[in-house]
Each structure stands twice: as C-alpha cells, then as structure tokens.
Amino acid sequence: MSTLLHLDTSPRIESTTRRVTAEFAASWRAANPDGTHIYRDLAARPVAHVDAEQIAVMHRLESGEVRDLDEARDAAVTPGEKASWTLTWDLVEEVRAADTLVLGLPMHNFSMPATFKAWFDRVVIPPLVVDPATGTGPLSGKQVVVVTARGGAYGPGTPRYAYDFQEPYLRAAFGMVALADDLTFLHAEMTKSGHVPRLAGFQDMAASSLKQALAGARVQARRVRV
C-alpha cells in the first residue's frame, strides 16, 4: 500500500502552491484508492526550529558514527532532549513511511518559507544522510515533487535566472538524504501579475505557467513507478 506525504507551507489558503499540491493529492488518491495520505500544514502548525537539545543528540550520533535508526531513536538522554527528539522522530517516521512526497513551497525572498526550513532541519538526522560508501540512504527510492510559486519568472534565459535559489538549494539538500534521485519541480511563475500593475502584461504567461504546473501534478501523481 502506497503512502503520500503532502506538505503545504503557504500562509494563504487560496495560494497557488496549495492549489497545485491539492491537484496532485487528488490525482494520487484516484490512482491509489487504497493508499494513505498524510497531510501537514506547516503554515497552520509550524514545527519548532532545531534547538540545543536536538543538536546535542545529533552531535552524539555523529561522534559515534551511528547509522542504525533503531539506535538513533533512543539516543536522547535528558528530559529536554527526549522532548525535542520525540518531535523530530515523529517527522522522520512520516518521511520514512512515505513512498511519495509532494511539497508546496512558494518563493519567499528568493528562497523557501522558514516553516519548511524548520521542518527540514528537524528531519535531516545523521542516520538518514547518504552513506558515502554506497551512495544510498534509508530514504532512497522515494518520489519527490516540489511545487513552487514565484511572483516573477526565474527559468533559464530570464533576467532573474541567477536568483533562483530554490531549485539548486533543494537539489543539493535533498541529495544529502537521498531524496534527489526521483525529484521533480513544478514551477508556477509570474503569480504577482494578477495584483501588481506593472506586471499585468504577464497575466497570460502566469495562466499558462499555472496550467502547466497543474497538468504536471496530474501526470506525476499518476505515474507508474518501477
């Protein structure tokens, strides 16, 4: 039975990323009627940022070169560490259980929402990092679909191409934990053309970009993986 982990981060309920991730989830459920859909709204329920207690546990795991997840699960010692590590472990288990992840990440100041970074920093624990000896890790083989919404255009050949720090960052960061092997980006661009007067001439481009992202979501959600 397949499992989808569906994350939204936009503070706006009517946001473009939420619309596209919802399209993906609906198509995925239609293709996987017996599957499990796990949903987290990181804007409505933010994850606490990494704290000193988690860092202490992480340092022990790194120092001991611990790669065994069962051993890592019980690595917290003090009450504070256990409280922090329990939060982290719940997130880790959700990612481990998922066959597919769909993430809604609007561009905020050329990057990702802070709510996503807090979630990701919690999840990246030493045993999940790719083993340099094998090039694989516990999260290898998962399908990851990232949905972005950008106020302008950041694709190849555009004036702001060099300012796209979302896709390069995520390819590197996800690669660290083996989530870049099957990684797809669906970009909806020029989203500000609907309310910024000077960008009004790009509304057709925005509509076309959104249409492509929605179509891509349906295709990716129904894709047969081998």
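What comes next is a walk through the structure. (Residues numbered from 1 in each chain as written. Predicted model: local features only at pLDDT ≥ 70, side-chain atom pairs only at ≥ 80, totals over all residues. Heavy atoms only, no water.)

### A word on the pattern of salt bridges
- Considering all chains together, one arrives at 15 salt bridges under this definition.
- Here Glu-94 makes a salt bridge to Arg-40, at a shortest N to O gap of 2.6 Å. Here the residue Glu-94 occupies a position in helix H4 (residues 79-97), and Arg-40 occupies one in strand S2 (residues 36-41), the gap between them amounting to 54 residues.
- Asp-164 serves as the salt-bridge partner of Arg-150, at 3.1 Å between the closest nitrogen and oxygen. (Salt bridge = Lys/Arg side-chain N within 4 Å of Asp/Glu carboxyl O. Helix = DSSP H or I, 4+ residues; strand = E, 2+ residues; numbered from the N terminus.)

### Concerning helix H2 (residues 52-63)
- Over its 12 residues, H2 extends 16 Å from the first C-alpha to the last, a length consistent with the 16 Å expected when each residue adds 1.5 Å.
- When we look at burial in H2, the residues that qualify are Gln-54, Val-57, Met-58 and Leu-61. In an axial view of H2, the angular spread of the buried residues amounts to 100°, which keeps them on one side of the axis. In H2, the exposed positions that point more than 90 degrees away from the buried face belong to Ala-52 and Ser-63.
- At its buried positions, H2 is contacted by helix H3 (69-73), H4 and helix H5 (114-123).
- After H2 finishes, the residue Glu-65 shows a positive phi value of roughly 50°. (Expected span 1.5 Å × (residues − 1). Buried < 20%, exposed > 50% of the residue type's maximum accessible area, 1.4 Å probe, protein only. Arc of directions from axis to C-beta. Contact = heavy atoms within 4.5 Å.)

### Describing the pairing of strand S1 (residues 3-8)
- Most of S1 sits out of view: six of its six residues are buried.
- Every second residue of S1 is oriented toward a common face, with Thr-3, Leu-5 and Leu-7 on one face and Leu-4, His-6 and Asp-8 on the other, all of them buried.
- Across six bridges, S1 lies against S2 in parallel orientation. Across the sheet, Leu-5 pairs through a bridge with Ile-38, a residue of S2. (Pairing = 2+ DSSP bridges.)

### Section: the sheet that holds S1
- Read across the sheet, five strands follow the order S2-S1-S3-S4-S5 without closing on themselves; strand pairing throughout is parallel. Taken across any chain shown, the strands that pair with only one partner, and hence form the sheet edges, are S2 and strand S5 (183-188). Going across the sheet, the axis of each strand differs from the next one's by a mean of 15°, ignoring polarity.
- Two strands pair when backbone bridges link them, and S1 and strand S3 (residues 100-106) are joined in this way by five bridges, in the parallel orientation. Each bridged residue has a counterpart across the sheet, and for Asp-8 the counterpart in S3 is Gly-104. (Axes fitted to C-alpha atoms, helices over the stretch in contact; angles between N-to-C directions.)

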